[in-house]
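Structural characterization, general
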Amino acid sequence: MRATADSSARLTTETDADLLALLERITGAGPLDVQAARLMVEPFAAQTAASNATAADLAAIRDTHLAATAETGMELFEQLDGEFHKRIFTATRNDLLACVHDMLKAIRAQSAWVEIKRRSFSEARRQAYCEEHARIVAALFARDAQGAAEAMRIHLVSVSRNLFGDGGSAHLVAHRLP
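Below is a short write-up of the structure. (Residues numbered from 1 in each chain as written. Predicted model: local features only at pLDDT ≥ 70, side-chain atom pairs only at ≥ 80, totals over all residues. Heavy atoms only, no water.)

1. Some remarks on the packing of aromatic side chains
What counts, and what does not: Centres within 6.5 Å are what make two rings of Phe, Tyr or Trp a pair, Trp counting through its six-membered ring; a difference in plane orientation under 30 degrees is then read as stacked, over 60 as edge-to-face, and the rest as tilted. Secondary structure is summarised from DSSP: a helix means a run of H or I of at least four residues, a strand means a run of E of at least two, and numbering begins at the N terminus for each.
Taken as a whole and assessed by the stated rule, the structure comprises one aromatic pair. Both rings, one in Phe77 and one in Phe121, keep their centres 6.1 Å apart while their planes meet at 50°; by these two values the pair is tilted. Highlighted residues: Phe77 in helix α4 (residues 74–90) and Phe121 in the loop between α6 (111–120) and α7 (123–141), separated in sequence by 44 residues.

Quick look at the structure:
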């Protein structure tokens, strides 16, 4: 089969339309579905980062964690929390996986998500998240891939309980991969 300029333009147009349709479906994903996806993807990212992170990656993850720990306001803490998770994905050295994080982060920046996070935020929860992040950081520095995955899973289940209550958390845990 020989490609022509006309068929190439049509393919690009069809691909663009497919990508746009996919983007519309993704941004319309509900909070429980997004959190279930995080439970499937983020422990794997932490596991992979434990093996693939450079010393600079680990230092950036630690420094972001320390900055988040020092921050008491919700808005800046949420930004640093997002950066903490992003740095873990970056440390996987897998560009597609990092894009998955960016996609999930974009969904979580929508107003419905921001409101859910705002309603559930408290100083006690912020401190608990920082303690959970510290366990993730320790496992990453120890190059403990399974420990990093489990620490991330525990953290995300905790976040899910805080955002959605036990009912939502049970739904999410049912999505856990073996």
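2. Focus: the side chain of Thr92
Where we set the bar: Polar contacts, as used here, are pairs of N or O atoms within 3.5 Å; protein pairs need one atom able to donate a hydrogen and one able to accept it. Residues neighboring in sequence count only if both atoms are side-chain atoms.
The residue Thr92 is located in the loop between α4 and α5 (95–108) in this model. One polar contact links the side chain of Thr92 to the main-chain amide nitrogen of Asn94, over a distance of 3.1 Å.

3. A short note on the pattern of salt bridges
For the record, the criterion: Should a side-chain nitrogen of Lys or Arg be within 4 Å of a carboxyl oxygen of Asp or Glu, the pair is scored as a salt bridge. Three exposure classes are used, based on accessible area relative to the maximum for each residue type with a 1.4 Å probe and protein chains only: buried under 20%, partly exposed in between, and exposed over 50%.
Considering all chains together, one arrives at ten salt bridges under this definition. Residue Arg62 pairs with Asp63 through a salt bridge whose shortest N-O separation is 3.2 Å. You can call Arg62 partly exposed: its relative accessible area is 32%. Exposure remark for Asp63: the relative accessible area of 42% places this residue in the partly exposed category. What emerges from the salt-bridge pattern is a single network uniting Glu115, Arg118 and Arg119.

4. A look at the side chain of His85
The condition is simple: Whether two residues are in contact is decided by their heavy atoms: any pair within 4.5 Å suffices.
Checked against the element boundaries, His85 lands in helix α4. Here His155 takes part through its side chain, which lies 3.4 Å from a polar atom of the side chain of His85. Residues contacting His85, with those up to four places away along its chain left out, are Arg38, Glu42, His101, His133, Met152 and His155.

5. A look at the packing of helix α3 (residues 55–70) against α7
Here is the rule: To define axes, lines are fitted to C-alpha atoms, for helices over the stretch in contact only, and angles between the resulting N-to-C directions are given on a 0 to 180 degree scale. By definition in this entry, angles of less than 35 degrees are roughly parallel, angles greater than 145 are roughly antiparallel, angles of 65 to 115 are roughly perpendicular, and the rest are oblique. Should the near helix be turned counterclockwise from the far one by less than a right angle, the crossing is left-handed, whereas a clockwise turn marks it as right-handed. Basically, the charged four are Asp, Glu, Lys and Arg, the nonpolar ten are Ala, Val, Leu, Ile, Met, Phe, Trp, Tyr, Cys and Pro, and anything else, Gly included, counts as polar.
Running from N to C, α3 and α7 cross one another at 165°; their axes reach a closest spacing of 10 Å. With respect to α7, the element α3 is oriented roughly antiparallel. For the element pair α3 and α7, the recorded crossing hand is left-handed. Along its contact with α3, which presents Leu58, Ala59, Ile61, Arg62, His65, Ala68 and Thr69, the element α7 presents Arg126, Cys130, His133, Ala134, Val137, Leu140 and Phe141. For the contact of α3 with α7, the residue count by class is nine nonpolar, three polar and two charged.

6. Considerations on the nonpolar core
Our working definition: Nonpolar core, defined: a set of buried Ala, Val, Leu, Ile, Met, Phe, Trp, Tyr and Cys residues in which side-chain atoms within 4.5 Å join the residues together.
Judged by nonpolar contacts, the single largest core of 20 residues is most densely connected at Ile61, Phe84, Ile88, Ile136, Leu140, Ala148 and Met152. Counting only elements with at least two residues in this core, the list comes to α2 (31–52), α3, α4, α7 and α8 (145–173). Looking at which element gives the most residues to this core, the answer is α8, with six residues. Residues contacting Ile61, with those up to four places away along its chain left out, are Phe84, Arg87, Ile88, Ala91, Val137 and Leu140. Leu80, Leu104, Ile107 and Tyr129 belong to the second largest nonpolar core, which has twelve residues in total.

7. Focus on α6
Test applied: Summarising the geometry, the arc corresponds to the directions from the helix axis toward the C-beta atoms.
Taken together, the buried positions of α6 are Trp113, Ile116, Lys117 and Ser120. Buried residues of α6, seen end-on, are gathered within an arc of 95° and therefore sit on one face of the element. Exposed side chains of α6 directed beyond 90 degrees from the buried face belong to Ser111 and Arg119.

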